Amino acid sequence: MDCTNAQNLLHGYIDQELDLASVMAIDGHLASCAACKEIYAQQSTLRSAIRQQAQYHAAPAGLAERIRAQVGIDTKPAPVKSIQRRWALPDFSRWLQVGAAVAATAVVTWTAALQLNGPDLIAEEVISGHARSVVTNHLTDVATSDRHTVKPWLSSKLDFSPRVSDLATAGFPLEGGRLDYLDGRPVAALVYHRRQHVINLFVWPETKSDKALPMQTLSKNGYHVVHWRDAGMTYWAISDLDTGELKDFANQYASAQ
Ligand SMILES: [Zn+2]
């Protein structure tokens, strides 16, 4: 099994949907491949974060009735005897109609969820990326307050060159930089601190929209996040600093040269 095969099967592996032979093949690959093991760890963390924090919504009242009405089935459940008789007939077209209606509804719902939750899902990844760096004490791959060291190091590992500013005079000294993996791609993590608080600033090129986005804030699980887009790059600053100080940080970074 090579990396491409392993990574293609990783979702099924994490969701325990694979056959035993595939599971064993991936087990073997993960034991010997640090890169895939890292991706596996990231996806497992994301999966549990989503499971813990995703919002669930019950289907609206009457949805089942509307589907039944659309495909021409009696709204009221028929008595058991009559159901047995009806489904005993080889009336597969009705089953197909029901299946198609349910599938169409599911697709519409799923698409809406993706559109609504795209930024939210990235926010979840940002939060777990920050938490992971703090909990595992893996804040920096290159630990220096010298931006002239951090920037070339990150540029050599990534397909873009993040702007690195030293904001020590504004009260946010640079601690270093790190590679992270968010939104399905490697990203730059710039690490700053204020007093004992760590700030991760995740930076990567925006490919989904070329529109600038003014700063937006959100708070979750004791973390505060400031998100904006500018000049083709997307920025996510996260910390347990209060929102005011984190916005101050974001403004200082955005206006620095
Ligand atoms: Zn691999």
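Residues numbered from 1 in each chain as written. Predicted model: local features only at pLDDT ≥ 70, side-chain atom pairs only at ≥ 80, totals over all residues. Heavy atoms only, no water.

## Here's the deal with the overall build of the chain
Then step 1. Each helix and strand counted, the chain has 8 helices and 6 strands in total.
Then step 2. Helices and strands in the chain line up, N terminus first, as α-α-α-α-α-α-α-β-β-β-β-β-β-α.
Then step 3. Within the chain, counting contacts between residues at least 6 apart in sequence, those at least 24 apart form 56% of the total.
Then step 4. Carbon and sulfur atoms provide 56% of the accessible area of the chain, an area that totals close to 15100 Å². (Helix = DSSP H or I, 4+ residues; strand = E, 2+ residues; numbered from the N terminus. Contact = heavy atoms within 4.5 Å. Areas by Shrake-Rupley, 256 points an atom, 1.4 Å probe, with all protein chains shown as cover.)

## What about the environment of Leu 218?
Then step 1. As for its position among the elements, Leu 218 is in strand β4 (residues 213-220).
Then step 2. Between the C-alpha atom of Leu 218 and that of Ala 123, which follows or precedes it by 95 residues, the distance is 8.8 Å.
Then step 3. Non-local contacts of Leu 218, meaning those with residues more than four positions away in its chain, are made with Ala 123, Tyr 223, His 224 and Val 225.

## Re the nonpolar core
If you look at soluble globular proteins, the nonpolar side chains tend to sit buried side by side.
Then step 1. Grouped together as the largest cluster of nonpolar side chains are 38 residues, with contacts concentrated most on Leu 190, Leu 201, Phe 202 and Phe 249.
Then step 2. When residues of this core are traced back to their parent elements, those giving at least two are α6 (92-135), α7 (147-157), β1 (174-182), β2 (185-194), β3 (197-205), β5 (223-230), β6 (233-239) and α8 (243-255). (Core = buried A, V, L, I, M, F, W, Y, C linked by side-chain atoms within 4.5 Å. Buried < 20%, exposed > 50% of the residue type's maximum accessible area, 1.4 Å probe, protein only.)

## Some details on the coordination of the zinc ion
Then step 1. Taken together, the protein ligands of the zinc ion are Cys 3 (SG), His 29 (NE2), Cys 33 (SG) and Cys 36 (SG), with distances of 2.1 to 2.3 Å.
Then step 2. Viewed at the metal, the 4 donor atoms of the zinc ion are separated by angles of 99 to 112 degrees, and the geometry they form is tetrahedral. (Donors = N, O, S within 2.8 Å, 3.2 Å for Na, K, Ca; no water. Tetrahedral: all angles 85-135°; square planar, octahedral: opposite > 155°, others 65-115°.)

## Focus: the packing of helix α2 (residues 20-32) against helix α3 (residues 34-53)
Then step 1. One can describe the packing of α2 onto α3 by two numbers: an axis separation of 6 Å at closest approach and a directional angle of 110 degrees. Between α2 and α3, the interaxial angle falls into the category roughly perpendicular. Handedness of the crossing formed by α2 with α3: left-handed. Across from His 29, Leu 30 and Ser 32 in α2, the residues of α3 making contact are Ala 34, Cys 36, Lys 37 and Tyr 40.
Then step 2. Grouping the constituent residues of the contact of α2 with α3 by class yields 4 nonpolar, 2 polar and 1 charged. (Axes fitted to C-alpha atoms, helices over the stretch in contact; angles between N-to-C directions. Parallel < 35°, antiparallel > 145°, perpendicular 65-115°, else oblique. Left-handed = near helix turned anticlockwise from the far one by under 90°. Nonpolar A, V, L, I, M, F, W, Y, C, P; charged D, E, K, R; others polar.)

## Here we look at the pattern of salt bridges
Then step 1. On inspection of all chains with the given rule, the structure shows 9 salt bridges.
Then step 2. Note that Arg 132 and Asp 180 form a salt bridge whose closest N and O atoms lie 3.1 Å from each other. Here Arg 132 is found in helix α6, whereas its partner Asp 180 is found in strand β1, with 48 residues between them in sequence.
Then step 3. It is possible to trace a salt-bridge network through shared partners that takes in Arg 194, Arg 195, Glu 245 and Asp 248. (Salt bridge = Lys/Arg side-chain N within 4 Å of Asp/Glu carboxyl O.)

## Re the packing of aromatic side chains
Then step 1. Within this structure, the stated rule accounts for 6 aromatic pairs.
Then step 2. Centre to centre, the rings of Trp 228 and Tyr 235 are 4.8 Å apart; their planes meet at 15 degrees, and the pair counts as stacked. Tyr 235 carries the same exposure label as Trp 228, and that label is buried.
Then step 3. Site record: aromatic cluster; members linked through ring pairs are Phe 172, Tyr 192 and Phe 249.
Then step 4. The positively charged end of Arg 163 is found above the aromatic ring belonging to Tyr 253, 4.3 Å away from the centroid.
Then step 5. If you follow Arg 194 out to its NZ or CZ, it ends over the ring of Phe 172, 4.3 Å from the centre. (Phe/Tyr/Trp six-rings, centres within 6.5 Å; stacked < 30°, edge-to-face > 60°. Lys NZ or Arg CZ within 6 Å of the ring centre and 35° of its normal.)

## Points about unusual backbone geometry
Then step 1. With a phi close to 60 degrees, Gln 16 is a non-glycine residue in the positive phi region.
Then step 2. On the secondary structure map, Gln 16 appears in the loop between α1 (3-14) and α2.
Then step 3. Take Gln 16: its relative accessible area is 72%, and that puts it in the exposed class.
Then step 4. Of note, Arg 195 is a non-glycine position whose phi angle comes to about 50 degrees, a positive value.
Then step 5. Within the secondary structure layout, Arg 195 lies in the loop between β2 and β3.
Then step 6. Residue class for Arg 195 comes out exposed when judged on its relative accessible area of 53%.

## Focus: the confidence of the model for the chain
The predicted coordinates of low-pLDDT regions are not to be read in fine detail.
Then step 1. Chain-level statistics for the chain give a pLDDT mean of 84 and a share of 81% at 70 or above.
Then step 2. When the criterion is pLDDT under 50, residues 81-89 qualifies, and its contacts beyond four places in sequence or with other chains add up to 6 contacts.
Then step 3. The low-confidence segment residues 111-117, where pLDDT is below 50, has 1 contact with residues more than four positions distant or belonging to other chains. (pLDDT = per-residue confidence, 0-100.)

## With respect to the pairing of β4
Then step 1. Sheet topology note: the β4/β5 ladder contains 6 bridges and is antiparallel. Bridged to Thr 217 within β5 is Val 226.
Then step 2. Between the antiparallel neighbours β4 and β5 lie 2 residues, among them Asn 221 with a positive phi of about 50 degrees. (Pairing = 2+ DSSP bridges.)

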